[in-house]
Amino acid sequence: MIDLRNVSKTFTLHNQSSAVIEVVNNVTLSVAAGECVALTGASGAGKSTLMRMIYGNYLTQAGQILIDGTDIVQAEPRDVIALRRETLGYVSQFLRVVPRVPTLDVVAEPLRAVGASASDAQALAEYLLAKLNIPQRLWSLSPTTFSGGEQQRVNIARGFAHPYPAMLLDEPTASLDAANREVVLSLIEEAKARGAAIIGIFHDEAARARVCDREIDVSQFTPGVAV
Amino acid sequence: MSDYNFAYLDEQTKRMIRRAILKGLAIPGYQVPFASREMPMPYGWGTGGVQVSAAVMTPQDRFKVIDQGADDTTNAVSIRTFFERTAGVATTTKTSEASVIQTRHRIPEEPLSEGQILVYQVPIPEPLRFLEPRESETRKMHSLAEYGLMHVKLYEDISRHGHIATSYDYPVKVEGRYVMDPSPIPKFDNPKLGDMAAIQLFGAGREQRIYALPPYTQVVSLDFEDHPFEASKPDHPCAMCGAENSYLDEVITDDAGRRMFVCSDTDFCEARQVAGHTGTMNGKDAA
Amino acid sequence: MTPLLSVQGITKFYGQHIGCKDVGFDLYPGEVMGIVGESGSGKSTLLNCMAGHLTSDAGAVVFDTRTDGPRDTVTMSEPERRMLSRTDWAFVHQHARDGLRMGVSAGGNVGERLMAVGERHYGDIRAKATDWLGRVEIDATRVDDRPTTFSGGMQQRLQIARNLVTGPRLVFMDEPTGGLDVSVQARLLDLLRGLVRDMGLSAIIVTHDLAVVRLLADRLMVMKDGHVVEAGLTDQVLDDPQHAYSQLLVSSVLQV
């Protein structure tokens, strides 16, 4: 489902003496449907960078990143957009939304984008928000004013609204209490059960042990270390 | 008489104006630019109409001038006198006897016939100017027949007054092509514009435009499907001649605010009175 | 799939000075494209060339028309192009006054495009105008008020209603949120996003506000000195800019 072949990335900082920073080098990995893989490694090893490359958020200089057969590295923007809408979900650590939009609409939007009716989308959004213990009185408010933990849960609800065949999870259980952490882990397990291929970053080792089938240490791809 | 060329204008100017008139007749409703001359009267007093009249006039013509329907107002009298002195043509107040009729703000009640020419004095020839002040843009709109804006004006009327309140200067479409300003005639007169036997010429002196309707041209007043055009109907019969379907002027008769309604077309009214028709006012007087 | 709009080699000179040079891209149905760059970068020149407000010196702007398929709008006759700009195209100006008739009621402003394409039933026109005022969150009781009595944000929403009433497929926007209060901007962005999604609109948005493109645009072009220096997915260009100028632009934005 997710297939990386000889993938490398560098940052060129044109405004800082054109410094070239190699971030990851020659990554090859593959995640099958129904499998959850954890990226590990010290801070700065390139876990988030790799995740963003897979999502198409960062440009990849070399190699192939195949998602369900589509090469993100070569794909036209509109193909990447279609892929993100239908196939590839991403739960980042940050919530980025239009101010003023009610939380319910924020969560329902991925479903609306794939053509769900407003009422169906809303029903599922309500279900997820309730499940993630977001008080109902907040649903009609914009999440921009929420606490960090609440924003995180809104982000997760949004990320799990549509059953993406491939998912990227960046610290999904960070800053959550035990009860909500449990909800998120069960959501991940449900996603795996329906056949989603998942790549995640978990600092929470217990969570990682519970949902992940294997771990990939990103340090091996870090140029300075590998040589 | 010998102090002037026939009908005041020099022959070159007349030729230029006649060309504009012919072009106007060939493209009904299209505004033809022309080099309007300084006339011995101020703008707003019919300089456009006077130039058109002068250009079409021949020594054999019989000339009539009406201002708001009346032959005896200052404006009508001066223009009539002007052509008596500069062209020496015969003049008349009788609609049926005139071959050239210059008018301000009315069409005579009596139907005109083939061979007659009706010359309108036009203050503002551009019907779109109310909403689009740029001349370059209105010309483009005419050339591409983009007339949605004209209906915006009527829309505004209905939204504000509940009906189309434009009661004069009511825009028309000519032969399904050009939207035209019929000059400030009351919309009562609009139905007479179309299918008329006489030639209709429109002259705007200050704005330097001439446009025309050849005989028997199709002229349709703009409207909405659910707010169709309706010509105004008189509320009263004429107090002098009893006519029930002519356009009326309101006349205040004393300081107590008493008033009467009489035909604005003085020739029409007098002809009816001569023929024995009477209204409430002169009927009472006669009694 | 046929692009809705295919821009090819658009070039515009102002005398010796480059307005924009050799700009090309394809825009597909439902896509929103952002164009960013500083003042004088040529983004507005490009927008006006595409919308037919300026005549470009070279290049083609091929639009997939409903009736005849792809046609070059640069070479099509002026009546056809003007018809297009009243039906399938819309243009939202930065200053609502440039896009509205200030002496005409809100209903008349929205109804104008309908009347321009031949609608002649007052009741229907008014009903549609009122419906659209609702969609852009203007109270129906304001239908007979002139835009001069509206706030800046309301005027901008009225301009959008006026443009979208005929169901266009492509909307050009020139700094649509410029000059508005931040709170009003957010509301307008939300409205635009909803309309784009629900009507399946394609849009080209010129702005210097990176936050606006991040929230509205799927794709982004960065312009400098009349040239496109970088293009790609909006979040990719903003988060991992490749060109020196894009990096400078992104790093210059104040974080809040």
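Heads up: the structure comes first, above all this text.
Just so it is clear, the model here is predicted, and its values are computed rather than measured.

**Here's the deal with the overall build of chain B**
In step 1: Secondary structure summary: chain B contains eight helices and twelve strands in total.
In step 2: Its C-alpha radius of gyration of 20 Å places chain B within 12% of the 19 Å reference for a compact globule of 287 residues.
In step 3: Viewed in the frame of its principal axes, chain B has a C-alpha envelope of about 60 × 60 × 35 Å.
In step 4: The long-range share in chain B, meaning contacts at least 24 apart out of those at least 6 apart in sequence, stands at 61%.
In step 5: Taking the average place of the 30 positive charges on the side chains of chain B and the average place of its 40 negative ones, the gap between the two points comes to 5 Å.

**Here we look at the packing of helix H5 (residues 148–161) of chain B against helix H5 (residues 122–135) of chain C**
In step 1: Put simply, H5 of chain B and H5 of chain C touch, their axes get as near as 11 Å, and they point 80° apart. In terms of orientation, H5 of chain B lies roughly perpendicular with respect to H5 of chain C. Facing Tyr155, Ile158 and Ser159 of chain B of H5 of chain B, the residues of H5 of chain C in contact are Tyr122, Ile125 and Arg126 of chain C.
In step 2: Here the contact of H5 of chain B with H5 of chain C is composed, by residue class, of four nonpolar, one polar and one charged.

**A word on the environment of leucine 238 of chain C**
Residues and elements named next belong to chain C.
In step 1: By secondary structure assignment, the location of leucine 238 is in helix H9 (residues 234–239).
In step 2: Looking at leucine 238, the relative accessible area reads 6%, which means it is buried.
In step 3: Sequence separation between leucine 238 and alanine 211 is 27 residues; the distance between their C-alpha atoms is 9.8 Å.
In step 4: Not counting residues up to four positions away in its chain, the partners in contact with leucine 238 are Leu210, Arg214, Leu220 and Val250.

**Quick word on the pairing of strand S12 (residues 259–263) of chain B**
Residue and element names in this part refer to chain B.
In step 1: Counting buried positions along S12 yields four of five residues, so the element is predominantly enclosed.
In step 2: One ladder, built from five bridges, connects strand S11 (residues 248–252) with S12; its direction is antiparallel. Directly across from valine 251, in S12, lies its bridge partner methionine 260.
In step 3: In this structure, the hairpin formed by S11 and S12 is closed by a connection of six residues, where glycine 257 is found at a positive phi of approximately 90°.

**Examining the arrangement of the chains**
In step 1: Counting contacts across all two pairs of chains that touch, the top-ranked interface belongs to chains A and C.
In step 2: Structurally, chain A and chain B remain out of contact, their C-alpha atoms never closer than 35 Å.

**Let's talk about the sheet that holds strand S3 (residues 90–91) of chain B**
By way of backbone hydrogen bonds, the strands of a sheet pair with one another, either parallel or antiparallel.
Residue and element names in this part refer to chain B.
In step 1: Spatially, S1-S9-S8-S5-S4-S2-S3 is the arrangement adopted by the seven strands of the open sheet, whose pairing is mixed. The open sheet terminates on both sides in strands that have one partner only, identified here as strand S1 (32–33) and S3.
In step 2: Bridging between strand S2 (residues 62–67) and S3 involves two bridges; their strand directions are parallel. Bridging from a neighbouring strand, arginine 62 pairs with alanine 90 of S3.
In step 3: Relative to S2, helix H3 (residues 74–86) is tilted by about 160°, and along the sheet it contacts S2, S3, strand S4 (100–104) and strand S5 (117–121).

**Regarding the pattern of salt bridges**
Oppositely charged side chains may form a pair once their charged atoms are brought near each other.
In step 1: Counted under the stated rule, the structure contains 50 salt bridges over all chains.
In step 2: A salt bridge links arginine 129 of chain B to glutamate 135 of chain B, with the shortest nitrogen-to-oxygen separation between them at 3.5 Å.
In step 3: Overall, the relative accessible area of 25% leaves arginine 129 of chain B in the partly exposed class.
In step 4: The exposure class assigned to glutamate 135 of chain B is partly exposed, which follows from its relative accessible area of 29%.
In step 5: Between lysine 224 of chain C and glutamate 38 of chain C there is a salt bridge; the shortest N-O distance is 3.9 Å.

**Examining the interface of chain C and chain B**
In step 1: The partner chain B presents 21 residues to the 22 residues of chain C that form the contact.
In step 2: For the pair chain C and chain B, the two sides together bury roughly 1,900 Å², of which 56% comes from carbon and sulfur.
In step 3: If you look at where chain C meets chain B, you find five salt bridges.
In step 4: Among the salt bridges present, the one from glutamate 132 of chain B reaches arginine 101 of chain C, with a minimum N-O distance of 3.5 Å.
In step 5: At the surface where chain C touches chain B, the tally comes to 14 residue pairs in polar contact (both at pLDDT 80 or more).
In step 6: Of all the secondary structure elements, the ones that give two or more residues to the side of chain C that touches chain B are helix H2 (78–86), helix H4 (106–116) and H5 of chain C.
In step 7: Sorting elements by how many residues they give to the side of chain C that touches chain B places H4 of chain C first, with five residues.

**Section: the nonpolar core**
Burial of nonpolar side chains together is a common tendency in soluble globular proteins.
In step 1: With 110 residues, the main nonpolar core has Phe160 and Ile188 of chain A as its most contacted residues.
In step 2: Counting residues in each nonpolar core, the second largest holds 33 residues, with Val24, Met53, Ala166 and Leu168 of chain A among its members.

**So, the packing of helix H2 (residues 47–56) of chain B against H3 of chain B**
Pairs of packed helices are described in terms of their axes, by the angle between the two and the distance that separates them.
Residues and elements named next belong to chain B.
In step 1: At their nearest, the axes of H2 and H3 sit 12 Å apart, and the two run at 30° to each other. It follows from the interaxial angle that H2 and H3 lie roughly parallel. In this structure, H2 meets H3 at a crossing whose hand is right-handed. Here Val50, Ser53 and Ala54 of H2 come into contact with H3, specifically with Ile79, Phe82 and Phe83.
In step 2: The class makeup of the residues in the contact of H2 with H3 is five nonpolar, one polar and no charged.

**Focus: the pairing of strand S10 (residues 227–233) of chain C**
In step 1: Two elements, strand S9 (residues 219–224) of chain C and S10 of chain C, share six bridges in a ladder whose sense is antiparallel. Note on S10 of chain C: the bridge partner recorded for methionine 221 of chain C is alanine 231 of chain C.

**Considerations on the packing of aromatic side chains**
In step 1: As enumerated under the stated definition, the model contains 15 aromatic pairs over all chains in all.
In step 2: Considering the side-chain rings of tyrosine 55 of chain A and tyrosine 90 of chain A, the 4.6 Å spacing of their centres and the 40° angle between planes classify their relative orientation as tilted. Of this pair, tyrosine 55 of chain A sits in helix H1 (residues 47–55) while tyrosine 90 of chain A sits in strand S6 (residues 88–91), placing them 35 residues apart in sequence.
In step 3: Using a relative accessible area of 15% as the deciding quantity, one classes tyrosine 55 of chain A as buried.
In step 4: Through pairs of rings, three or more aromatic residues link up here, namely Tyr8, Phe63, Phe82 and Phe83 of chain B.
In step 5: Lying over the aromatic face of phenylalanine 130 of chain B, lysine 153 of chain B brings its terminal NZ or CZ to 5.4 Å of the ring centre.

**Digging into the interface of chain C and chain A**
In step 1: In this complex, chain C contributes 26 residues to the contact, which on the side of chain A involves 25 residues.
In step 2: Note on chain C versus chain A: buried area summed over both sides is about 2,300 Å², and carbon and sulfur give 52% of it.
In step 3: Its largest share of buried area at the contact with chain A, chain C owes to Arg197, Leu233 and Asp240 of chain C, together 22% of the area lost on that side.
In step 4: Where chain C meets chain A, there are six salt bridges.
In step 5: A salt bridge links arginine 100 of chain A to aspartate 190 of chain C; the nearest nitrogen and oxygen atoms lie 3.0 Å apart.
In step 6: Between the two partners, chain C and chain A, sit 13 residue pairs in polar contact (both at pLDDT 80 or more).
In step 7: Those elements that place two or more of their residues in the side of chain C that touches chain A are helix H7 (182–199), helix H8 (210–216), S10, H9 and helix H10 (244–251) of chain C.

Thresholds applied
- Residues numbered from 1 in each chain as written.
- Chains lettered and ligands numbered in written order.
- Predicted model: local features only at pLDDT ≥ 70, side-chain atom pairs only at ≥ 80, totals over all residues.
- Heavy atoms only, no water.
- Helix = DSSP H or I, 4+ residues; strand = E, 2+ residues; numbered from the N terminus.
- Rg over C-alpha atoms; globule rule 2.2 N^0.38 Å.
- Contact = heavy atoms within 4.5 Å.
- Lys, Arg positive; Asp, Glu negative; His and termini not counted.
- Charge placed at Lys NZ, Arg CZ, Asp CG, Glu CD.
- Axes fitted to C-alpha atoms, helices over the stretch in contact; angles between N-to-C directions.
- Parallel < 35°, antiparallel > 145°, perpendicular 65-115°, else oblique.
- Nonpolar A, V, L, I, M, F, W, Y, C, P; charged D, E, K, R; others polar.
- Buried < 20%, exposed > 50% of the residue type's maximum accessible area, 1.4 Å probe, protein only.
- Pairing = 2+ DSSP bridges.
- Salt bridge = Lys/Arg side-chain N within 4 Å of Asp/Glu carboxyl O.
- Buried area = accessible area lost by both parts, 1.4 Å probe.
- Polar contact = N/O pair within 3.5 Å; in protein donor to acceptor, adjacent residues only side chain to side chain.
- Core = buried A, V, L, I, M, F, W, Y, C linked by side-chain atoms within 4.5 Å.
- Left-handed = near helix turned anticlockwise from the far one by under 90°.
- Phe/Tyr/Trp six-rings, centres within 6.5 Å; stacked < 30°, edge-to-face > 60°.
- Lys NZ or Arg CZ within 6 Å of the ring centre and 35° of its normal.

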